[in-house]
Amino acid sequence: MKFILFALKNLLRNKIRTLLTVLSIAVSVTVLFSLLSFTKGYEKGMTSELGKMGYQIMIVPRGCPYEAASLALSGGKIPNYFDYSVLEEVKKIPEVEIAAPFFMSAIIRPDEDRTDIYFGMDENMFQMKKYWNIKGSYFKDENSLIMGGDAAYIEQTDEPGQKFYVREKDREFVVTGILERTGTKDDGFFFIPLKAAQEMFGQKDRVTGIAIRVKDPTLIPTVVEQLEKLPDSQVITMSQLMGTMMNLVAQAKTLILSIIIIAIIISALGALNTVLMSVFERTKEIGVMRAMGAGREHVFQLVWVETLVMALISGILGIGIALIGMGLVEKIIKKLLPLAPQGSVVSFDPNTLLICLGFVILVGLVAGIYPAYRASKLKPIEAIRTE
Amino acid sequence: MENNKHAIYGEGLTRIFQRGSEKLYALRGVDFQISPGEIVSIVGRSGCGKTTLLNMVGCLDTLSEGTLYIGNTEVSRLKEKDLIKVRRENIGFVFQLFYLIPTLTAYENALLPLLFARRLDKKEKVKEIFQKVGLGERLNMLPSELDGGDMQRIAIARALVNEPKIILADEPTGRLESKSKEKIFGLFKKLAEDGLAIIIATHDLGLASRADRMIRLKDGMVVN
Ligand SMILES: Nc1ncnc2c1ncn2[C@@H]1O[C@H](COP(=O)(O)OP(=O)(O)O)[C@@H](O)[C@H]1O
Ligand SMILES: [Mg+2]
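Here, residues in each chain are numbered from 1, in the same order as that chain's written sequence. Written order decides the labels, with chains lettered from A and ligands numbered from 1. Reporting in this predicted model follows two pLDDT cut-offs: at least 70 for local features of residues, and 80 or more for side-chain atom pairs to be given and counted; totals over whole chains, interfaces and linings ignore these cut-offs and use all residues. Values reported for side chains reflect all heavy atoms of the structure, with hydrogen atoms and water molecules removed beforehand.

Draft legend 1. Examining the packing of aromatic side chains more closely. All names here are of chain A. Centres within 6.5 Å make a pair out of two Phe, Tyr or Trp rings, where for Trp the six-membered ring is used; the pair is then stacked when the planes are under 30 degrees apart, edge-to-face when over 60, and tilted otherwise. What the rule picks out here adds up to 17 aromatic pairs over all chains. Taking the centre distance of 5.6 Å and the plane angle of 70° together, the rings of F119 and F191 count as edge-to-face. Pair noted here: F119 is in strand β4 (residues 114–121) and F191 is in strand β9 (residues 189–193), with a separation of 72 residues, a long-range link. The two residues F119 and F191 agree in class, both being buried. Through a chain of ring-to-ring contacts, the aromatic side chains of F102, F119, F126, W132, Y138, F139, F189 and F191 assemble into a single cluster. Across the ring face of Y153, the terminal group of R181 is positioned such that the distance to the ring centre comes to 5.9 Å. By the criteria applied, helices consist of DSSP H or I runs no shorter than four residues and strands consist of E runs no shorter than two, each listed in order from the N terminus. Think of it in three bands: with a 1.4 Å probe and only protein chains considered, a residue is buried below 20% of the maximum accessible area for its type, exposed above 50%, and partly exposed in between. In our convention, an over-ring charge means Lys NZ or Arg CZ found within 6 Å of a ring centre and within 35 degrees of that ring's normal.

Draft legend 2. A look at the sheet that holds strand β4 (residues 65–70) of chain B. All names here are of chain B. In space, the four strands of this open sheet follow the order β2-β1-β4-β5, with antiparallel pairing throughout. Since the sheet does not close on itself, it has two edges, and those belong to β2 (22–34) and β5 (73–74), each with one partner. In short, DSSP must find at least two bridges between two strands for them to pair. In this sheet, β5 lies alongside β4 in antiparallel orientation, the contact comprising two bridges. Looking at β5, one finds that I70 is bridged to T73.

Draft legend 3. How the structure looks around the sheet that holds strand β9 (residues 213–218) of chain B. Residues and elements named next belong to chain B. Strand order in the open sheet made by the six strands is β6-β7-β8-β3-β9-β10, with mixed pairing throughout. Two strands in the sheet have a free side with no partner beyond their single neighbour: β6 (91–95) and β10 (221–223). The average undirected angle you get between the axes of adjacent strands in this sheet is 25°. For β9 and β10, the ladder comprises three bridges, and the chain directions are antiparallel. Within the sheet, the bridge partner assigned to L217 lies in β10 and is V222. Angles run from 0 to 180 degrees between N-to-C directions of axes, and those axes are lines fitted to C-alpha atoms, restricted for helices to the stretch in contact.

Draft legend 4. Fine view of the domain arrangement of chain A. Split into domains, chain A comes out as domain 1 (2–48 + 245–385) and domain 2 (63–231). Start and end positions for the domains come from either an automated domain assignment or a database one. Using C-alpha coordinates to define each centre, domain 1 of chain A is positioned 50 Å away from domain 2 of chain A.

Draft legend 5. The arrangement of helix α8 (residues 220–227) of chain A in detail. All names here are of chain A. Those residues of α8 that sit buried are I220, V223, V224 and L227. An end-on view of α8 places all buried positions within 100° of arc, on one side of the element. For α8, exposure combined with an orientation more than 90 degrees from the buried face picks out P221 and E225. Any pair of residues with heavy atoms lying within 4.5 Å of one another is described as a contacting pair. Those residues of α8 that are buried lie in contact with β1 (57–61), α4 (84–92), β3 (96–109), β11 (209–214) and β12 (233–237). Throughout, the arc means that of the directions going from the helix axis to the C-beta atoms.

Draft legend 6. Fine view of the environment of I93(A). Residues and elements named next belong to chain A. Along the chain, I93 falls in the loop between α4 and β3. I93 sits in the buried class, given a relative accessible area of 7%. Distance in space between the C-alpha atoms of I93 and P160 is 38 Å, their sequence separation being 67 residues. Excluding its chain neighbours within four sequence positions, the residues that come into contact with I93 are Q226 and L227.

Draft legend 7. Layout of helix α13 (residues 350–377) of chain A. All names here are of chain A. Here the expected span of a helix is defined as 1.5 Å times the quantity of residues minus one. Its 28 residues give α13 an end-to-end C-alpha distance of 40 Å, which sits within 8% of 40 Å, the value for a rise of 1.5 Å per residue. Note that the bend at a residue is defined as the angle between axes fitted to the seven residues ending at it and the seven residues starting at it. The sharpest bend along α13 reaches about 35° and sits at I369, with the proline P371 one to four residues further on. For α13, the set of buried residues is T352, C356, V360, V363, G364, A367, G368, P371, A372, A375 and S376.

Draft legend 8. Quick peek at the interface of chain A and chain B. On the side of chain B, 29 residues touch chain A, which itself brings 24 residues to the contact. Summed over both sides, the interface between chain A and chain B buries roughly 2500 Å², with carbon and sulfur atoms accounting for 67% of that surface. For salt bridges, the criterion is a side-chain nitrogen of Lys or Arg within 4 Å of an Asp or Glu carboxyl oxygen. Inspection of the region where chain A meets chain B yields two salt bridges. Put simply, R290(A) and E80(B) hold a salt bridge, and the shortest N to O gap is 2.4 Å. We call two N or O atoms a polar contact when they sit within 3.5 Å, provided that within protein one can donate a hydrogen and the other can accept it, with sequence-adjacent residues counted only if both atoms are side-chain atoms. For the interface between chain A and chain B, the tally reads six residue pairs in polar contact (both at pLDDT 80 or more). For the side of chain A that touches chain B, the secondary-structure elements that each account for two or more residues are α1 (3–11), α10 (283–291), α11 (296–324) and α14 (380–384) of chain A. A total of six residues in the side of chain A that touches chain B trace back to one element, the largest contributor, which is α10(A). Charged residues are taken to be Asp, Glu, Lys and Arg, nonpolar residues to be Ala, Val, Leu, Ile, Met, Phe, Trp, Tyr, Cys and Pro, and polar residues to be all remaining types, Gly included. Of the residues contributing to the side of chain A that touches chain B, the split by class is 11 nonpolar, six polar and seven charged. What gets called buried area is simply the loss in accessible area from a 1.4 Å probe that two parts show on being joined, summed for both.

Have a look at this one:
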C-alpha cells in the first residue's frame, strides 16, 4: 500500500464533500482549458485565413480601423470609394507586384434574413487567388458569376451554366464557376466582374479598395510608407489586421481569464476548507499515527498528497469535460464572435493541457500547505486525549 | 548510569501541565521500572495520571522533571525527532478505543507503522502476527465488519509490527465484554512470555491483579 492510496481512501470517506470540491475545481479548469484552446485556435484560424488572401496590403478609403478590418474579413458594404487615379498611383510603386482593384457591396434582404455580398474583381485579383479550385471556369464575359462554396450550397447550384437573377437590380448572371470550399470568407461571396459590379451598384469607374501583393515580404514597410502618402486612403497590412483582431480577442481573454483566476482561487479555498475539515475530523487518528511512529513530515505529506490527488482528479475531470465539450464551445464562440475565421477556432494543443495540469497541481500544492501544516502541528497527546 | 536490566527505568518522573495560571501535577515524582517479559498494571481513579505515565514512558510527551531510560537510551533530554525514532523502535501502543482507520482493511491498518518506518519490505510478517493475535485470515475485512475484541486484536497486531520491546496499553479492555477481555489479557500474557514488557493501565482491578505487579496511582503519585 502506498501513501497515495491511503490518501485516496481518505478522500473517499466523505464522498459528497470531496465530490463537490472536485467539481468546483473541475469547472474552473474546464473554462480555463476551453479559453486557452480557443485563443490558440483563433490565432491559427486567423493566420491561415490571412495567409490565404494572397496579398499583404490593402488600401481602402478612410474609415476607422475596425471597419476596415471587418471589411477585409467579413465583407460588407463600403460607403466610400476611390477612383482609378489611386490605382494608377499604386501601380507606379516599383515594389508592388500586383495591384488588384475590387468593388465590394451588399444586397440585404431583411425578409429572408440574408445579406448577399457581391465582390467585383478582375484578373489581377484572380492572380492572387491562385489557390482557388473552381469547378467550371473563370469569368467569360460581363455576365459571368462565380459562387463561393457556401453561397452555391444556399442557392442549390451545383453545376456551372445555371442562371442567377438579382431581382433588386434586375440583372441576370450566368454561373461560370463554383468554388470549392476554402475555409475563408470567400465561401460566402458572389464574385462578379469588376465592371459589372460597378455598373450594378451605380459607381462607374470607382473601387472600394485595392489589394496589393508586394514582390517580397521584406518590402512591405517600404510600400506601406509610400502608400500612406496617398490622399484619403487608409493602409491596412494583413499583419496589422491580425494584430487588431488579436487585440480585441486578447482584451476579452484578459477579462475572462481574471474571472477564471478568481473562480480558481475560490475553488482552491474550498479545497483548503475541505481538507482542513477532514484534518480536524481525524485529529485522533493523526495522533495515533504519530504514536505509531509517524513523524511530522509523514502527517504533512499525507495531507498534502490528499489535496494534490484531489486537485489532480479535478484537473483531469475538468480537461476531460472541456475536450468532450470542444465542439459546443466552438459553436457558441462562433455565434458570439463577429469576426470569427471560417475554420476551426478551438484547437487542441498539448501545451494547453500541460499548462492546465500544471496550474491545477499548483492549486493543490498551495491549498494543501496550510491544512498539512496544521495536521503536522497536532501534538499526539492532545490529539489522543479522550476527555 | 547504565540500564542493562530494565526495559524501562524511570526516576522522579514528573509532568506538570499549565492550567491557566495554575500548575497541575499530573505526575509527581514517580519511580517506575519494568523488565522484559514482565506485565505491570497501573490502577487508580480517573484523572490520577495513568495515561500521563504511559505517554511519558511511551515518549509521546516530554518530562517536566525526572530521568527516563528506554533500554539503554536516556530519553529524558531527547528532542522530538529522536523521540520518534525511539518510539518507532521500542514501543507499541494499544488504546481503549482502538483508533483504527475505518477506511483501511485490517491488514492495511496493521501495515501503517511499517509505512512510517519505511520498512514495507517486512510486510510478510503481518500475516504471521495476525495468526499470533488470533485474527487468522481476517486480513481484508474492514474494522466496522468486526467485533470489539477483533478490533483490539488488529490494534495489537499494529502495535507489534515494528517489533517493539514494550507494549503500552491504555485501558485496552475498557470497551470489551468479559469474554473478549479474557482473551485479550491472555494474548498479553503470551506476548510477555515472548519477552515483551507490557504495561496495562486499567480500571478493572480483577484484571490488574493478575499482572505480575500492580502499581496504584493517586493524584500523580504512587501509593502502596
Ligand atoms: N494535555 C493535558 N493538558 C492539561 N491537563 C492534562 C493533560 N493531560 C492530562 N491532564 C490532566 O492530568 C491529570 C491526569 O490525567 P490522565 O493521565 O489522563 O489521568 P488518567 O488516565 O488516570 O485518567 C488529569 O487531571 C488531567 O486533566
Ligand atoms: Mg486515561
